[in-house]
Amino acid sequence: MSQTDLSHYIPRRLDDAGKFLFWELDVAAIGILGMLIGVATEFPISGVFFGLLLGYLYNKLKAGQHPGMATHLLYWFTGFPEPKELPGSHIRELNG
């Protein structure tokens, strides 16, 4: 019998995004936020539909995009979190 050497094998699912039931965490957080807004405004049924709609639209938006797209959008609109490896966006020098 031949023994297959798997010392080079790299797991394909090592860095998968976290899940909440069937959805990724960022999509579920947007859906739950819509539901919580509906409960806070005393329109829970509308909040459920609004949360599901927002989650669906966000999931369609991020399809085929970089996995860290939510962080990029958050930085683009709020300026947080500060990138550690990149220079500030106010630096406009051409190197090269």
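Here is what the cut-offs are and how they apply
Residues numbered from 1 in each chain as written. Predicted model: local features only at pLDDT ≥ 70, side-chain atom pairs only at ≥ 80, totals over all residues. Heavy atoms only, no water. Salt bridge = Lys/Arg side-chain N within 4 Å of Asp/Glu carboxyl O. Helix = DSSP H or I, 4+ residues; strand = E, 2+ residues; numbered from the N terminus. Buried < 20%, exposed > 50% of the residue type's maximum accessible area, 1.4 Å probe, protein only. Expected span 1.5 Å × (residues − 1). Arc of directions from axis to C-beta. Contact = heavy atoms within 4.5 Å.

Asker: Explanation requested: the pattern of salt bridges in the structure shown.
Answerer: Opposite charge on two side chains permits them to pair, given that their charged atoms come into close proximity. Within the structure shown, the criterion is met by 2 salt bridges. As a salt-bridge pair, Glu-24 and Lys-62 come within 2.3 Å of each other at their nearest N and O atoms. Here Glu-24 is found in strand β2 (residues 23-24), whereas its partner Lys-62 is found in helix α2 (residues 44-62), with 38 residues between them in sequence. Accessibility expressed as a relative area gives 15% for Lys-62, which makes it buried. As a salt-bridge pair, Asp-26 and Lys-62 come within 3.2 Å of each other at their nearest N and O atoms. Within this pair, whereas Asp-26 is found in helix α1 (residues 25-40), its partner Lys-62 is found in helix α2, the two being separated by 36 residues in sequence. For Asp-26, a relative accessible area of 23% corresponds to the partly exposed category.

Asker: What exactly am I supposed to notice about α2 here?
Answerer: Because an α-helix completes one turn every 3.6 residues, residues spaced three or four positions apart along the sequence face the same direction. Here α2 contains 19 residues, and its C-alpha end-to-end distance of 27 Å stays within 8% of the 27 Å for a straight helix at 1.5 Å per residue. Gly-47, Gly-51, Gly-55, Tyr-58 and Lys-62 are the residues of α2 that are buried. Looking straight down α2, one finds its buried side chains confined to an arc of 70°; they lie on one side. With respect to the buried face of α2, the exposed residues turned more than 90 degrees away are Ile-45, Phe-49 and Lys-60. Where the residues of α2 are buried, they touch β2, α1 and α3 (69-78). Of the residues trailing α2, Gly-64 is marked for its positive phi of about 80°.

Remember, this is a structural readout, not a statement about activity or role.
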